[in-house]
Each structure stands twice: as structure tokens, then as C-alpha cells.
Amino acid sequence: MTIAPFLILGKRKKWLEIRKDLSPRAASLLTLASFLTPLALWCIISYTPFLWHPDVKLDIGSSGATVYTAGDQVGKDYYPQLRQEAREANDQLLSASQAGEPVTASSRANIKTLRALGPISVRNGLLHEGQLTSDADIFQLWRQAAEEPAVFRRIPLSEENQEIARQNWTILSDASETYDKATFPKEKLLGLIPQGKPANPVYLPAPHEVLLTGWEQWTRPAEDGKPTMGARLGQSIGIVFGGFLVAALIAVPLGVIAGSFDGISKLFEPFADFFRYMPAPAFATLLVAVLGAHHAPKVALVLIGTFPHLFLMICKTTRLLDRSLLEAAQTLGATRKRLLAKVVVPGILPQLYNDLRIALGWAWTWLVIAELIGVKSGLTEIIDTQGVRRNFDQVYPVIILIGLIGFSTDQLLAWLRPRFFPWVPNARKPSIFTRLLRRAS
Amino acid sequence: MTQPLPSYQEKSAAVKERFAELYQRPLELELNGLSKTFTKPDGSPVQALLDIDLKIHRRELIAVLGASGCGKSTLIRIIAGLETPTTGEALLQGESIDGPCSQRGMVFQSYTLFPWLTVLRNVMFGLEATGHSPVTAESEARQWIELVGLKKFENAYPDQLSGGMKQRVAIARALANEPRVLLMDEPFGALDAHTRADMQSYLLQIWRNVDVTILFVTHDLDEAIYLADRILVLSPNPGQVQEFIENPVPRPRSPEQFSSPEFLATKEHVENLIHPPEARSEPVNLPILKLTQQDDRVE
Ligand SMILES: Nc1ncnc2c1ncn2[C@@H]1O[C@H](COP(=O)(O)OP(=O)(O)O)[C@@H](O)[C@H]1O
Ligand SMILES: [Mg+2]
């Protein structure tokens, strides 16, 4: 019996104490865990076939009453019925030919049956995507499926499909060992039975799928007017930082002045307080009408979403400056201008920096709505168009990318803060990066 | 104590002579019928100071004593120009005080050093504010820092200093402007006893070497008697001058004088002024509630 994990918990009674800081080691460990736990959960759900997996992802589709192509997903309950229907259709053909009256089919229908072997061959590396309509190549695959089914290695053909392949091959090879349109058989071929693997719903792609799609999104070359991923990211960052910077440029001086002079505060703050309860997206159509459908209204939306809060926060930060510092400066002969420039501003700067960090976070949260208004653009366009088509493996990389960029900018700013403000007491908490780095070294 | 204490008003010849000389000096600070009424947030008035008349001469060291809330801070803030009197006036060298200025430096109990400036920059602040060039400001600031013994710390931030060191910087910062008056509101109140004793000696030393009049608010009787020429005792509700005592303890002062008869006599008198014997609460004989053992006595 291993009790090591419990020992770690037991030794650290501190873990259960209210408002006691953990040792740096334990803190780093938990920080790491806070990222690894969701990732591990995602992996476990994705890669353990008997956990959840309510769907079946088809390697071989069906061509019966309901058509499914390879890659489609069907419910776990419906899957046996789908296979049963295909089997029954084949049984009818077989009994007819045993009775000596073989069923004929149009060559189009037979070609379709022939091509059903295509996708699973691609997935086994026996065929290129481009050859999916090359009947001569697929014709040869039927021979392989009949004579040497072991070449379907990665995703083997089921026993019954191997049997179907042998029976079909007898018909196909009757006239010629190679594909020849003229001698292509008229006798109706047996349909392959749908086969597939347990799968999670399309809205929960596996980590590696998301990773691969993300990689593919970034390496995809620009095509007919559609911007590359890098260009899209640039657009989005432009909107976030554009809105944020304009908000900061107005809010910082105005907030400092309003926080310093009660008259200005009473003139601006009550309205800002009211304005912030009007949700920024409510102005979307108005902004598009006034500013056009492209970059400007999107920046303006981020601006409207962040400015009032930021302004009020800076007013408060300014008022929180210790009044006795101002009095001390006055008894040292400082004039009003000097009080503002040499006491108020430097005095609130470390907190102002944090306020701006928080505001930048808000700006990121407005991004998606901003990009949806007017002409859809940037990263959000992918989320929107691909999400509607249920290509969620295309959506996740973008969502994660936005999170990663927002988070890492903030962490970078947190890490820089003591470098900008060396006088702020060292009681500061190490940033998450610092903690993870410490853990790694 | 076998011998009865002398009267606090009895002074040696040398002390009498000193006071006579002191009153010959020009007037530095004059308060005429000064009153201050605050309005509480609920609108009711608070009479913080009532009819204060004071004359303080050049280079005097005045201690201001009084119970908490009797208006000591208000008095000193009016002189600093941080509050305006409701009636009456405060004069510095005959001129009416109107708003804060570098002529009246102030040291607060809460350390009011600018946390974003190093010790050197803190001391330079007032010099630059009063129009000195950065070069002169820096060299003068260095001299003041040396005077308070913090040369090694001139590039430290306030957060890295102990409480005593911070107050020394605050004193240097205030004195660098060469103010006429140095106002100190319980400057050593937050320091531990040992540091406080050091700072008191420091202050006396500085005061000897600098042409400045000091008003020193404290609630520590020993501190007041050890430092001051005269002790202003305020009575509470409203704050009024209860007595302006001439301190009979001779100069130069040293910590041995804490047990001298003049010192003890003055202390007893001031004690009785601030805490009249009839207002003191007698210790009550509490019943013993719980003893773990028989005869478990502590005394
Ligand atoms: N800004 C103010 N507003 C209202 N009341 C005040 C204000 N400042 C001081 N007071 C009142 O004036 C009286 C004197 O205060 P203060 O000068 O701070 O006393 P001390 O410094 O002797 O303890 C107290 O009753 C206090 O509550
Ligand atoms: Mg006070």
C-alpha cells in the first residue's frame, strides 16, 4: 500500500488552515496542478473509449435509406440499426442471386458502392485524398481487400466486410482484373456494412485534434482574400489594444484630475456611473451606422466597454492616495501643479498600472462581440463561421489562443511591475510564471 | 520618597537667567484669540480650540501636551496652514499665516516620506519645490542627510528603513528648507521606547545646531519635560490653554535628569493637570473567580 501522497497532505496541516500561505514548493505544485488538472480531465474523457463516448464515428458510411459518409457521427443507439439495415439489403441481393435471378444495377449505383471503400483506405494510408474518385485505383483496393485484407492495418475491415469484399471481387474480376468502364459489371454489388469507432460528440474534439487543427490553421497559406491566421490575430489585437489605449488615454488624465478635484469628480463621475450600466453591445448597431462596418466601430465598442469602469477605478485609486503625503508636500512648499505632477501621479502609479492591467482584461472580453458587429473579422470570424458548421475542432484553437494571449500579456505585465516600481514593498506575490519557472528549475 | 518634592515653579538662578534671555528674543509665532470649530459629517459642530493666545520666541522648543482629542493636532495644523482658524489669527514673524508654505516645516506621526523617492530625493523634494537648482538641491540634501546620520542610506527607499530612520529623514527633509518653525505632531509616538530615547537626544542636538523654533506635540510627559523650554498644557472640550509651564529643568539636558527633583516635580504637576486625581479610577478589588490551586497567588 502506498501512503506517500497522504503523507504529503498529512505533514502539511497548513493546507487546511484558514488564510495560511503555503510553502513556495507547495504553491508551485498547486499552480502546476491548476493547469494540468483540466488538461488531464480532457485527455481522460477523450482517450478512454469506455468513458462517455456517446457517438460512433464512421470509417465506412452507409448508402441505404439514410446516407452517412465516412467521418459522420451517429448515436451509439442508432449504430446497430444502421448496420442491420445494410445487412438486410445485402441479404436480399444474396437470396435473389441464389434463386438464380441476380439483381442488376445502374453503373452509377455500382460505382458508388465501389467508392465506399475509398475513405477507409485513405485512413489506412492505401490511397491519397485525391484518388477518392479514381475508380481504377479503388478497383485494385477491392482486390486487396479480398485477397490480402491485412493491408488494412490501422483500421481493419470487419470480418463481414472482408467477406463482402471477397464476394464483390468475384463479380468485379469476372470480366477483367483491372478497371475497365466497358466491362464493368452490371450485377448489383453488395454494400459495405457501416463500421466505426466510439467517439465523443463533435463539440468535444480530442486534445490532439485541436492541436493539429491549430497547427494547420497557422500553416495554411492565404487563399482568395481570406487573411492568414497571423493577419487575423493582428486584426484582433489591433481592436483590443486600440480600444484599450484610447480608453486609457482619456481615462488616466481625466481620472487623476477628477480624483484630485472634487468639482471635476462631481461633474463627471455620476454620469460615468450611470453610463457603465448600459451594456456596450447595446450600442453596436449605432456604432456601425455612424462609424462604418469595419475597424472603427469595433474599436469604439471596446472603448465604450472599458472606459467608464476604468475612469471610475482611476478616480478611486487617486482618492486612495494618503492625504498626508499631499499635506507633507504642501508644507515643503509644493505648489498645486507640483502636487499633481510630483506627488499624486507618482504616488498612484503602481496602482494605476494594476488598474490598466485589469482594464486590458476587460478589453479582451469585449473582443468577440466587437468583431461580430458590422463585417465579421479577425479571430472571431473563424469562431463564428466554423462554429455554425459544427467544426468545433476549428473553434477551440482560436478560443484557446485568445485566452493564452490575454493571460500571457497580463502575466508579463505582472512580472514587469516590480521592475517598473522598485519601491513597492517586496511582499508582492510571485507571478504564476515565476512560480512555474521555479518549479521547473 | 523621603524628601518632599520642590515646587515645579522653583528655578535655579541659571534657569531664571535663561528664561529672561529667552523672552528678550524677537517673537517668532503669535496666536491671538484663535478658535476652531469643526462641523461633523452629521452637521453638528465640534469646538476643537477656543481662544488660544500664545507668544513663542525665536529658537524656543515648545512641547504641547494634553489628553487625546483636546486639539493638539488642530493647533499645529493651523500653524502649518493646513487648517484655517474659525476666528482669531496666527502670525509668523508678525505676518498672518495663510496656507501651508516652506517657512513652517512639519513632521507627522505617520511617516509621510514619499515611498517612490529615495532618501536623497525625498530630502531634495522641498529644495526643488522652493526653486533651488537640482545641483544645489542635491548637495544641500546630502549635508542634511549627513547631519541626521543616514549617509549610507541616501539611495534606499523609505520602505527599507526602520521607523526611527524614517523620522530622521522626515526631519532632514523639513529642515532642508530652512523653515522658521518646525512643527512636530507626535513624531516619535510610533517608535519603540529605545529608539524614541535616541531620537529625543538627536532632536536636541539638531535643535542646538539649527536656527529653528520647534513646536512638539506629544502625550509622553517625560518626553515633553526632557525636550521643552516651555510646556503648553491644553484642556479638552473645548481645547483651551490650561497652563503654559516654564520648565525648571536646566540645560544642557541629559537622560540622568529624568530622576532629578525639578523633573519629578514638573512631571507630577503636569500629570495632575492632565489626569486630575479626582478623575482617576481607583483599582477595584475584584473577587477571585477561579484559582487552579490553593494559595495560587501572583503577588
Ligand atoms: N476634520 C475634522 N472634522 C471634524 N472634527 C475634527 C476634525 N479634526 C479634528 N476634529 C475634532 O477636533 C477635536 C480635536 O482633534 P485633534 O486636534 O486631532 O486632537 P488631538 O490631536 O489632541 O488628539 C477632536 O474632538 C476631533 O474629533
Ligand atoms: Mg493628534
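The present account deals with the structure reproduced in this document. (Residues numbered from 1 in each chain as written. Chains lettered and ligands numbered in written order. Predicted model: local features only at pLDDT ≥ 70, side-chain atom pairs only at ≥ 80, totals over all residues. Heavy atoms only, no water.)

1. Structural notes on the packing of aromatic side chains
Under the definition given, this model contains 20 aromatic pairs over all chains. Judged by centre distance (5.4 Å) and plane angle (75°), the ring pair of Tyr353 of chain A and Phe421 of chain A falls under edge-to-face. Of this pair, Tyr353 of chain A sits in helix H14 (residues 336-372) while Phe421 of chain A is found in the loop between helix H16 (392-420) and helix H17 (432-440), placing the two residues 68 residues apart along the sequence. Each member of the pair, Tyr353 of chain A as well as Phe421 of chain A, carries the same accessibility label: buried. The ring of Trp415 of chain A carries the charged tip of Arg419 of chain A above its face, separated from the ring centre by 4.1 Å. Over the aromatic face of Phe19 of chain B sits the side chain of Lys11 of chain B, whose NZ or CZ is 6.0 Å from the ring centroid. (Phe/Tyr/Trp six-rings, centres within 6.5 Å; stacked < 30°, edge-to-face > 60°. Helix = DSSP H or I, 4+ residues; strand = E, 2+ residues; numbered from the N terminus. Buried < 20%, exposed > 50% of the residue type's maximum accessible area, 1.4 Å probe, protein only. Lys NZ or Arg CZ within 6 Å of the ring centre and 35° of its normal.)

2. Some details on helix H10 (residues 262-275) of chain A
Residue and element names in this part refer to chain A. Compared with the 20 Å implied by 1.5 Å per residue over 14 residues, the 20 Å span of H10 between its first and last C-alpha is a close match. At Phe268, H10 shows its largest kink, close to 30°, and the proline Pro270 lies no more than four residues downstream. Regarding H10, the residues found buried are Ser265, Glu269 and Ala272. Close packing links the buried residues of H10 with helix H9 (229-260) and helix H12 (295-319). (Expected span 1.5 Å × (residues − 1). Bend = angle between axes of the 7 residues up to and from the residue. Contact = heavy atoms within 4.5 Å.)

3. Some points on the sheet that holds strand S8 (residues 213-217) of chain B
Residue and element names in this part refer to chain B. One open sheet accounts for 6 strands, arranged S6-S7-S8-S3-S9-S10; its pairing is mixed. Each edge of the open sheet is held by one strand with a lone partner, namely strand S6 (104-107) and strand S10 (240-246). Going across the sheet, the axis of each strand differs from the next one's by a mean of 20°, ignoring polarity. Note: strand S3 (residues 61-66) against strand S9 (residues 230-235), 5 bridges, orientation parallel. (Pairing = 2+ DSSP bridges. Axes fitted to C-alpha atoms, helices over the stretch in contact; angles between N-to-C directions.)

4. Side note on the interface of chain A and chain B
Listed by partner, the interface residues are 18 residues for chain A and 26 residues for chain B. Summing the contributions of chain A and of chain B, the shared interface buries around 1,900 Å²; its carbon and sulfur component is 68%. When the area that chain A buries against chain B is broken down by residue, the three leading residues are Thr331, Leu332 and Trp423 of chain A, summing to 38%. At the junction of chain A and chain B, the tally comes to 1 salt bridge. When the shortest N-O distance is used, the salt bridge between Glu327 of chain A and Arg77 of chain B registers 2.7 Å. The interface formed by chain A and chain B contains 3 residue pairs in polar contact (both at pLDDT 80 or more). (Buried area = accessible area lost by both parts, 1.4 Å probe. Salt bridge = Lys/Arg side-chain N within 4 Å of Asp/Glu carboxyl O. Polar contact = N/O pair within 3.5 Å; in protein donor to acceptor, adjacent residues only side chain to side chain.)

5. Digging into the site of ligand 1
Residues and elements named next belong to chain B. The environment of ligand 1 is formed by Phe38, Val46, Ala48, Ser68, Gly69, Cys70, Gly71, Lys72, Ser73 and Thr74. Ser73 places a side-chain nitrogen or oxygen 2.7 Å from an oxygen atom of ligand 1. Here ligand 1, which alone exposes 560 Å², has 63% of that area covered by the protein. Broken down by element, the residue count for the shell around ligand 1 peaks at 3 residues, all from helix H2 (residues 72-80). In terms of residue class, the shell around ligand 1 is made up of 4 nonpolar, 5 polar and 1 charged. (Near = heavy atom within 4 Å. Areas by Shrake-Rupley, 256 points an atom, 1.4 Å probe, with all protein chains shown as cover. Nonpolar A, V, L, I, M, F, W, Y, C, P; charged D, E, K, R; others polar.)

6. Topic: the sheet that holds strand S2 (residues 45-57) of chain B
Residues and elements named next belong to chain B. Read across the open sheet, the 4 strands follow the order S2-S1-S4-S5; overall the sheet is antiparallel. This sheet does not close on itself; its edge strands, each paired only once, are S2 and strand S5 (95-96). Here strand S1 (residues 27-39) runs beside strand S4 (residues 87-92); their pairing, made up of 5 bridges, is antiparallel. Paired with Asn32 across the strands is Glu89, a residue of S4. Packing against the sheet, H2 makes contact with S1 and S2, and its axis sits at approximately 120° to S1.

7. So, the packing of helix H3 (residues 119-129) of chain B against helix H4 (residues 134-147) of chain B
Residues and elements named next belong to chain B. The N-to-C vectors of H3 and H4 enclose an angle of 125°; their axes lie 8 Å apart at closest approach. Classified by the angle their axes make, H3 and H4 are oblique. Judged by the sense of rotation from one axis to the other, the crossing of H3 with H4 is right-handed. Across the interface between the two elements, Val119, Leu120, Val123, Met124, Leu127 and Glu128 from H3 touch Pro134, Ala137, Glu138, Glu140, Ala141, Arg142, Trp144 and Ile145 from H4. Per-class residue counts for the contact of H3 with H4 are 10 nonpolar, no polar and 4 charged. (Parallel < 35°, antiparallel > 145°, perpendicular 65-115°, else oblique. Left-handed = near helix turned anticlockwise from the far one by under 90°.)

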